[in-house]
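Geometric and topological summary
Each chain, letter by letter, is given below.
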Amino acid sequence: MALTKAHNRMITGSPVNVLDFGAVGDGTTDDTAAIQAAQDYLETIGRGQLVFPQTGNSYRFSALTIESHYIHWLGEGGQVDLECFAATGDALTILKTVVTIENIRITADTGTRVTSGNGITIAHTESYTMNRVDLINVQVDDQPQNGIEAKQAELFYFRDVWCERNGGIGIYFHDDGANIGINCTFINCRVWESVGTGWKIQNQVGFTFIGCESLKSGGAEEVFLQSGTGHQWISGDIERTNFTGLGIRISTNFCRIVGGTIQKVLNGIEVNSTSNTEIINPRFIGDAGTPMVTGVKSISSTNVTVHLQKTPVNVTTPISDSVNARIQLFTQGQIKNLDVRPRRQTIASATPIIPDANEGFIKEIQALSVNTTINAPTNGNIGDTLTFTIIQDATGGRTVTWNSVYKFNVAWSDAGNTASTRSTVQFISDGTNWRQIGQQGVYL
């Protein structure tokens, strides 16, 4: 009996061709069984390459699964379309390690695939971290939920991966409540018009993104580096068209943003409740009609370092820190300790007065109409300075009592506090007390 091509490949160990197992690839025939049979054969020998030749249109399928290690799916002659027509469920599920998908486009029959399911789900059924899943020149389009979702990823490598018009998150990596994924690399990858966040990296460690893009997503942010630690976003491009939402939200420690462009968003980068974040020379570009509100916004974070040598364009506030009021800024190679608090806060007459160090380093108490006590400041940091200007009302004669945290070189004096006069005094914080700098300016 003559050997078929499939039998010959089984014997020689050469690449397996889906056409030899009955696939047609005409855009009409259901090729699910043929493709899965070819993949199942590779699983019987433990490894191998599955080739998808370019044919008339696309290989239509309902769902496919890779359940063997050391598998390589290859679109032959360029990117080959695999069109999923199932209304629900994940299109391609990868359950084993050391798997490469190359020159493949996972698309959807938009007439039938409308209910739920990811384009590619990378997970596992055993108690180990998924490692060495490589996607090269892969595109995932028009899926009901996430484009690519990966759980417990280790040493993944994505190059030239595009996820477009998916109904959830474009690319989503998380830990599935078990082990933390580590050390994955993304080069020249793109997410475009996802309904949710473009990229969400949750509870992972040491991910690197080089030349990646997130464009026109519909979530609250384009890129969300959430929990975990140690990510780098290098020379990326982030853009929206509706002038809302964030470019990058960082809520994990030891992250670096290097270069790249962030434009047409409400706020560029938000660093929220983190430590040791470094932002090196990104370009912030707002729209002339709808300026970007803030370039870098720090909330409850410590050790935030910003290097800005490219002047933000159409950005109202290049740097803002709403809680700690401390960002270390490098500009043109020079280091500055930048105090990003408002310069002056006006305070209405009251007793007591409770200064907030974040609301301005000049406290101007206007038209003091009662005798008052000035309490200890809130939100103060070592090295903060506060300058108080006390302005008497049209009657005058109002006295001021200071909390014991204010340490005077010479005791405060209410002498000369006649109508509409003012006196000024300045303090610096040592972390516990506020010590007077120089002498009180007498009421004039």
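Before reading further, recall that the structure is shown in the block above.
Let me sum up the structure you'll find in this document. Everything numeric here is computed off the predicted structure, so don't read it as measured data. (Residues numbered from 1 in each chain as written. Predicted model: local features only at pLDDT ≥ 70, side-chain atom pairs only at ≥ 80, totals over all residues. Heavy atoms only, no water.)

**Concerning the packing of aromatic side chains**
We apply this condition: Any two of the Phe, Tyr and Trp rings considered here, Trp counted by its six-membered ring, make a pair once their centres fall within 6.5 Å; the pair's planes then place it as stacked at under 30 degrees, edge-to-face at over 60, or tilted in between. Here a helix means four or more residues in a row that DSSP labels H or I, a strand means two or more in a row labelled E, and each is numbered from the N terminus. Only protein chains enter the accessibility calculation, which uses a 1.4 Å probe; a residue whose area is less than 20% of its type maximum is buried, one above 50% is exposed, and one in between is partly exposed. The criterion for a charge sitting over a ring is simple: Lys NZ or Arg CZ within 6 Å of the ring centre, and within 35 degrees of the ring normal.
Under the definition given, this model contains 26 aromatic pairs. Considering the side-chain rings of Phe 158 and Phe 186, the 5.2 Å spacing of their centres and the 75° angle between planes classify their relative orientation as edge-to-face. Linking Phe 158 in strand S14 (residues 157-164) with Phe 186 in strand S17 (residues 185-187), this pair joins segments that are 28 residues apart in sequence. As far as burial versus exposure is concerned, Phe 158 and Phe 186 are alike and both buried. Taken together, the ring pairs in this structure connect Phe 156, Phe 158, Phe 173, Phe 186, Trp 199, Phe 207, Phe 209 and Trp 233 into an aromatic cluster. Its guanidinium or amino end placed over the ring of Tyr 70, Arg 47 lies 4.4 Å from that ring's centre, counting from NZ or CZ. One cation-aromatic arrangement involves Arg 249 over Phe 224; the distance from NZ or CZ to the ring centre is 5.7 Å.

**What about the side chain of Glu 164?**
Note the following rule: Residue contacts are defined here by distance: any two heavy atoms, one from each residue, within 4.5 Å place the two residues in contact.
As for its position among the elements, Glu 164 is in strand S14. For Glu 164, a relative accessible area of 7% translates into the label buried. Leaving out residues up to four positions away in the same chain, Glu 164 has contacts with Gln 139, Val 140, Asp 141, Asp 142, Arg 190 and Trp 192.

**Quick notes on the sheet that holds strand S40 (residues 385-392)**
Through backbone hydrogen bonds, the strands of a sheet pair up, either in parallel or in antiparallel fashion. Selection rule: In this scheme, strands are said to pair when DSSP sees at least two bridges between them.
Read across the sheet, six strands follow the order S37-S38-S40-S43-S44-S42 without closing on themselves; strand pairing throughout is mixed. Among the strands making up the open sheet, the edge pair consists of strand S37 (344-348) and strand S42 (406-407). Bridge count for strand S38 (residues 362-368) against S40 is five bridges, and the pairing is parallel. When the sheet's bridge partners are listed, Lys 363 is paired in S40 with Phe 388.

**Points about unusual backbone geometry**
Here the amide bond leading from Thr 351 into Pro 352 is cis, since omega sits at -5°, within 30 degrees of zero. Even without being a glycine, Arg 132 presents a positive backbone phi close to 55°. Here Arg 132 shows up in the loop between strand S10 (130-131) and strand S11 (133-141). A positive phi angle, near 55°, is found at Asp 160, a position not held by glycine. Looking at where Asp 160 falls in the secondary structure, it is placed in strand S14. What makes Asp 160 partly exposed here is its relative accessible area of 29%.

**Some words on the pairing of strand S23 (residues 221-229)**
Of the strand pairs in this sheet, strand S19 (residues 199-202) and S23 are connected by four bridges, and their pairing is parallel. Following the sheet pairing, Lys 200 is matched in S23 by Phe 224. Where S23 meets strand S26 (residues 246-253), six bridges bridge the pair, whose relative direction is parallel. Bridged to Val 223 within S26 is Ile 248.

**Some words on the nonpolar core**
Nonpolar side chains tend toward joint burial in soluble globular proteins. Stated precisely, the cut-off is as follows: Residues enter a nonpolar core if they are buried and are Ala, Val, Leu, Ile, Met, Phe, Trp, Tyr or Cys, with the set joined through side-chain atoms within 4.5 Å.
In this structure, Trp 73 and Phe 173 are the most contacted members of the largest nonpolar core, which totals 73 residues. If you tally residues by element for this core, the top one is helix H2 (residues 32-45), at five residues. Ranked by size, the runner-up nonpolar core spans 17 residues in total, among them Ile 353, Phe 388, Trp 412 and Phe 427.

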